[in-house]
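Structure assessment
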Amino acid sequence: IAENPYCEVCRGTDYLEVHHLLDTSSFPEYELHPNNLMTMCGIRSKNKCHFKYGHLSNYKKTNYNLLNDLEVLKRIYRRDEEGCPENLKIQRRIK
């Protein structure tokens, strides 16, 4: 979080958490590997990116496609900042 003090999806800075791209229960050897860590906003934040996109709205799951989804998600949040209503349509399609 010190190196990336913002959510890598929505650029938010409140309630940040570290997401493990490879879950620690299945891949404990990568728990602290820098390439396995991603800063995301947590469940108490406005966007809840860690919960919604990192875990597909279920903490028992891990989104192994998150890196592939990341560019689309960034575009969604960029458009949302500009007031584009496409945000909701695209989010439903991703889920």
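Here goes a summary of the coordinates provided. What you are looking at is a predicted structure, and each value in this text was computed from that prediction instead of being measured.

A large share of strand S2 (residues 37–41) lies buried, amounting to four of its five residues. Two strands pair when backbone bridges link them, and strand S1 (residues 16–20) and S2 are joined in this way by five bridges, in the antiparallel orientation. Its bridge partner being in S2, His-19 is matched across the sheet by Met-38.

For the rest of this paragraph, the subject is the nonpolar core. Judged by nonpolar contacts, the single largest core of 15 residues is most densely connected at Cys-7, Val-9, Met-40, Cys-49, Tyr-53, Leu-66 and Tyr-77. Among the secondary structure elements, those contributing two or more residues to this core are S2, helix H1 (49–54) and helix H2 (66–81). Top element by residues in this core is H2. It accounts for five residues. Excluding residues that lie within four positions of it along the chain, Leu-66 makes contacts with His-19, Leu-21, Met-38, Met-40, Tyr-53, Gly-54 and Leu-73.

Turning our eyes to something else, we now look at the pattern of salt bridges. Where side chains of opposite charge bring their charged atoms close, a pairing between them can arise. Counting across every chain of the model gives one salt bridge. The partner of Glu-71 in a salt bridge is Lys-74, and the shortest N-O contact between them spans 3.8 Å. On the criterion of helical spacing, the pair formed by Glu-71 and Lys-74 is a turn pair, its members being three residues apart in helix H2.

Cut-offs applied
- Residues numbered from 1 in each chain as written.
- Predicted model: local features only at pLDDT ≥ 70, side-chain atom pairs only at ≥ 80, totals over all residues.
- Heavy atoms only, no water.
- Buried < 20%, exposed > 50% of the residue type's maximum accessible area, 1.4 Å probe, protein only.
- Helix = DSSP H or I, 4+ residues; strand = E, 2+ residues; numbered from the N terminus.
- Pairing = 2+ DSSP bridges.
- Core = buried A, V, L, I, M, F, W, Y, C linked by side-chain atoms within 4.5 Å.
- Contact = heavy atoms within 4.5 Å.
- Salt bridge = Lys/Arg side-chain N within 4 Å of Asp/Glu carboxyl O.

All quantities given are derived from atomic positions and should not be read as evidence of function.
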